[in-house]
Amino acid sequence: MRRALAFSRLQAISRAMSMRSNSPLSPFSSCEISDALIKLGSPNGGHIPDIHMLSPTSTESQLRICAPAYTVQMVLASDKAAPKLSAHFVDTATPGSIIVIDAPPQTKNAVWGGLMTAGAQARDVVGVVISGRCRDLAEHRGAGFPVFARGHSTVGQSPFVRPSEVNVPLLISAQGAGDAPDAFAPVKVEPGDWIIADEDGVVCVPKDIVDQVVELAKKGQEIDAKCMEDIRAGKGVQASFKKYRGS
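Predicted, not measured: the structure shown is a model, and the values here were computed from it.

## Things to note about helix H2 (residues 30-39)
Three or more residues of H2 are buried, namely Ser30, Glu32, Ile33, Ser34, Ala36 and Leu37. Structurally, H2 contributes buried residues whose contacts are with strand E9 (194-198), strand E10 (201-205) and helix H5 (210-232). Gly41, located one to two residues past H2, shows a positive phi value of around 100 degrees.

Below you can see the structure in the form of structure tokens.
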């Protein structure tokens, strides 16, 4: 039974990885994508801070997901003015997408659990990125479903928050950033923007600059490969950087 469960988990992970293979961004790590976005003038390299890979486990950390964003805005349950959904957001998620959820920052409850993972897998969703918390970690890991979140909680969604809108722009701020002048600027995630997530973190690429990001990421990857070769040969970090990076 344990061997069968492990095989099922690996199949799920393999499926999640294969579903991002058609994107020109998929050969690049989140770090390489961020470097390219910095060169294009992004103030924070598209990085959504404080969100980490909670599933699969660290032993399967070579996972990288890359797919368009299907966005979900959560609001406090006490907010009676915000719109209400007529269907569960998982049931309307786009196959082949990554669900991106923005929850109110002050909430300590989870907004994603094991039943949602089951529903997402049934719709061929690639993974979920949560500016907020999840629960049922063992279930996500057992299913091999990629979950990236700020943290986890034992407490579920109700009666604290509720989903309000889907496929709307999200503005995700760094945790506790406030108005500090050196804080990361909030990251805007539009529906259909590309999300790249791996063990280093989560990055959003605006859909209209994908080609530019790919071109710069490819150049950066090639330069870093040359630097690595020289550094391993004992030629020094500074000399290698100067030779290939120009600094």
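We are not done yet, so read on.
## A word on the nonpolar core
The tendency in soluble globular proteins is for nonpolar side chains to be buried as a group. Among the nonpolar cores identified, the biggest contains 23 residues, and Phe89, Ile99, Ile101, Trp112, Val128, Ile130 and Cys134 are the most heavily contacted of them. Where this core is concerned, the elements lending two or more residues are strand E2 (65-76), strand E3 (98-102), helix H3 (114-122), strand E4 (127-134) and strand E5 (147-152). When neighbours within four sequence positions are excluded, Phe89 is seen to be in contact with Tyr70, Val72, Met74, Ile99, Ile101, Val111, Trp112, Met116, Pro163 and Val166. Counting residues in hydrophobic clusters, the runner-up holds 21 residues, among them Ala67, Val129, Ile172 and Val189.

## Describing the packing of H2 against H5
Relative to each other, H2 and H5 sit at 115 degrees, their axes nearing to 8 Å. Both H2 and H5 take part in a crossing whose hand is right-handed. Mapping the contact onto sequence places Glu32, Ile33, Ala36, Leu37 and Lys39 in H2 and Val213, Leu216, Ala217 and Gln221 in H5. A breakdown of the residues in the contact of H2 with H5 according to their chemical character gives 6 nonpolar, 1 polar and 2 charged.

Calculation criteria
- Residues numbered from 1 in each chain as written.
- Predicted model: local features only at pLDDT ≥ 70, side-chain atom pairs only at ≥ 80, totals over all residues.
- Heavy atoms only, no water.
- Buried < 20%, exposed > 50% of the residue type's maximum accessible area, 1.4 Å probe, protein only.
- Helix = DSSP H or I, 4+ residues; strand = E, 2+ residues; numbered from the N terminus.
- Contact = heavy atoms within 4.5 Å.
- Core = buried A, V, L, I, M, F, W, Y, C linked by side-chain atoms within 4.5 Å.
- Axes fitted to C-alpha atoms, helices over the stretch in contact; angles between N-to-C directions.
- Left-handed = near helix turned anticlockwise from the far one by under 90°.
- Nonpolar A, V, L, I, M, F, W, Y, C, P; charged D, E, K, R; others polar.

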